[in-house]
Amino acid sequence: MTKTVRLTMAQALTRFLSRQMTEIDGRNVPIFGGVWAIFGHGNVAGVGEALYQVRDELPTFRAHNEQAMVHAAIAYGKANFRRRFMAATTSIGPGALNMVTAAALAHVNRLPVLLLPGDVFANRLPDPVLQQAEDFSDGTASVNDCFRPVSRYFDRITRPEQIIPALNRAMQVLTDPAECGPVTLSLCQDVQAEAYDYPESLFAERVWTPRRLRPDRHELAAAVAALKGAKKPLVIAGGGVLYSQASGELAKLVQGAGIPVCETQGGKSSLPDDHPLNMAAVGVTGTSAANRLAEEADVVLAVGTRLQDFTTGSWALFKNAGRTIIGLNTQVFDAGKHWALPLVADAAEGLAELNAALKGWKAPTAWTDNALKGKTEWQAAAAKVTASTNAAYPSDAQVIGAVQRAMGSGVTLLHAAGGLPGELHKLWQAGAPGSYHAEYGFSTMGYEIAGGLGVKMAKPDQEVVVMVGDGSYLMLNSEIATSVMLGLKLTIVLLDNRGYGCINRLQMATGGANFNNLLKDARHEVMPDVDFAAHAASLGAVAEKVASIAELETALAKARGNDKTTVLVIDTDPLLSTEAGGHWWDVAVPEVSSRSEVNAARKAYEDKKQMQSIGD
Ligand SMILES: Cc1ncc(C[n+]2csc(CCOP(=O)(O)OP(=O)(O)O)c2C)c(N)n1
Ligand SMILES: [Mg+2]
């Protein structure tokens, strides 16, 4: 007879989560780093009571905003290279839906997070309950159906025993390198509290080991043949290199064969910035060194990348007509994009087998030497734009220079939206794998501070530096208070250019009038003058407004000694961005307009569109 234990569905869920383990550095540790929770009537009695039961093995953390707490959870998963992750639980209705944007963020970035929104009563007796949306034509619909397109696995638990197969599937998805993404288990309020005789075996400790797929023999042979025929090979390192912890294998392959490497936003820090073969950022926000090679490359080995438009310059970057792309990826969907030669495998395994098969083969030395020369030229251009200045309104690049000089490459640097991603991708000199944390798959304003908190939870001994614009800060800053409450220190550098600077620049570049982006160009009765330092201080942070780049460097050096979250505010120029490097990006310009500037921009746009490859 199966031995059973009588628990509520919610108690079974939390007990199960607390027993899932993984092995890190030879030691078994819980795979869930904890559960973020904001309670309401939809989860306080059921999941809330159940979390209390396991609070010693599976800690619960309280946040101020559901979207933000999922940002923290996702950042934790990313900082752990997807080896450990977190869960998040909410009430029904608005609390649940506040997580949808974050679910999409995890979906786009292929990051693991377990979402546990409360849902309406399965028995429907009290309908409509507070916060229930009523569908006139579908009795099974609830607002939580919004999670379906942004979850890799979605389930609604309407009977207590359904949680058993749902948890099995949830763990498969969270731990699978190819399927990895958000899992949503929508927990009907009444069912959370219903008891069932669960098999005791459900709660046995399980150790999850990351799956490392080896390449298929035929795909490997085709990839090796393509590389051996290459005169101008190039590696693009994406986030998959980091998640697979494949930096060592990547370095071995490219050093052996003399292949230059460039990095996507997600893949930056796959090799340290000062590795001679690392041409750094590629694509729309790329370095001149990387982009020049990408334009000419005949064989592009794309490792662990989704090949999003910023990487491919909207598919206009690779200009060598005969080029071949090899897609080394755990996910078939990515491996074969744009008719790439697929090499479906874990990055580390795939790189190791390519290296073994290529043994002795070398790229033409002229190609490698040309790459090294390009890197030196780029470094000189980058040094110029990041150098110190006395300007009252410095550029983002000059602020980046100050942060780099004061903090070095040993910190973990985090950013997500605005003008900073482009500047940091080009200019930040990353150190160890994972030390550059960009959320540029979904580029969600408001990820930054909460994301920093998640990184700090994953790496408590690291200095975590968050760079954020005034727009992103105003959108979502509440978890500064949580970081203070939890004693998890962040150093936050806030660049105040008084508006949505990067979108204003994009507006001008597409022929638009200055309209509704910078605060001065938005409809107003009173020109806002936000005191960010006072705001951050009110949330419990150490905060200071600095008047110059030199003051910023001094304040950053001082911040290193603080044990409390520190916010440093600096005014910047909204009109400046780094001209060097970069590539065209497809942003559709109106075909007709009464503005001559738009018509001119459209003409230029149509010319650029000619470079775009269609489906090859
Ligand atoms: C949630 C969300 N809304 C809108 C956007 C579109 N968007 C991208 S950057 C940006 C402006 C960001 O302003 P700020 O943080 O001040 O950075 P800046 O552009 O000034 O450098 C906007 C509105 C987005 N990425 N995310
Ligand atoms: Mg701004």
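Quick caveat: nothing in here was measured; it's all calculated off a predicted structure.

## Observations concerning the sheet that holds strand 8 (residues 153-157)
Taken in spatial order, the six strands line up as 5-4-6-7-9-8 in an open sheet, and their pairing is parallel. Two strands close off the open sheet at either side, each with one partner strand: strand 5 (60-62) and strand 8. Taken over all neighbouring pairs, the strand axes of this sheet differ in orientation by 20° on average, direction set aside. Examined bridge by bridge, strand 7 (residues 113-119) and strand 9 (residues 182-188) share five bridges and lie parallel to one another. Residue pairing in the sheet places Leu114 in a bridge with Val183 of strand 9. Running at roughly 165° to strand 6 (residues 85-90), helix 3 (residues 66-79) makes contact with strand 4 (32-37), strand 6 and strand 7 of the sheet.

## Points about the coordination of the magnesium ion (ligand 2)
Taken together, Asp470 (OD), Asn497 (OD1) and Gly499 (O) make up the protein donors of the magnesium ion (ligand 2), found 2.0 to 2.1 Å from the metal. Each donor residue of the magnesium ion (ligand 2) lies on the same chain, and together they follow the pattern D-x26-N-x1-G. Here Asp470, found in helix 19 (residues 470-475), pairs with Asn497, found in the loop between strand 21 (491-496) and helix 21 (501-509); they are 27 residues apart in sequence, far enough to count as distant. Like Asn497, Asp470 is buried.

## Overview of helix 16 (residues 396-407)
Here helix 16 spans 16 Å end to end across 12 residues, near enough to the 16 Å set by a 1.5 Å rise per residue. Buried residues dominate helix 16, accounting for 11 of its 12 residues. If you check which residues of helix 16 are buried, you get Asp396, Ala397, Gln398, Val399, Ile400, Gly401, Ala402, Val403, Gln404, Ala406 and Met407. At the exit of helix 16 stands Gly408, carrying a positive phi of roughly 75°.

## Quick notes on the UniProt feature "domain: Thiamine pyrophosphate enzyme TPP-binding" (unreviewed entry) in the protein chain
Mapped onto this numbering, the UniProt entry gives "domain: Thiamine pyrophosphate enzyme TPP-binding" (unreviewed entry) at residues 418-569. The span residues 418-569 is 41% helix and 16% strand, and its two end C-alpha atoms sit 16 Å from each other.

Cut-off values and rules
- Within every chain, residues take consecutive numbers counted from 1 along the sequence as written.
- All chains are assigned letters beginning at A, and all ligands numbers beginning at 1, according to the order in which they are written.
- Whole-chain, interface and lining totals are the exception, using all residues; otherwise, since this is a predicted model, local features are given only for residues with pLDDT of at least 70 and side-chain atom pairs are given and counted only at 80 or more.
- Processing note: side-chain calculations cover all non-hydrogen atoms of the structure and skip hydrogens and water entirely.
- For two strands to be treated as a pair, DSSP must find no fewer than two bridges joining them.
- Secondary structure elements follow DSSP: runs of H or I of four or more residues count as helices, runs of E of two or more count as strands, with numbering from the N terminus.
- In this description, a line fitted to the C-alpha atoms serves as the axis of each element, helices being fitted only across the stretch in contact, and the angle between N-to-C directions of two axes falls anywhere from 0 to 180 degrees.
- In this analysis, two residues are considered to be in contact whenever any of their non-hydrogen atoms come within 4.5 Å of each other.
- Note that water is not among the atoms used; donors are N, O and S atoms within 2.8 Å of the metal (3.2 Å for Na, K and Ca), so sites may look incomplete.
- Only protein chains enter the area calculation, which uses a 1.4 Å probe; residues under 20% of their type maximum are buried, those over 50% are exposed, and those in between are partly exposed.
- Under the convention used throughout, the expected extent of a helix is 1.5 Å for every residue step, that is, one less than its residue count.
- UniProt positions are given in the numbering used here, feature names are shortened, and annotations may be inferred rather than shown by experiment.

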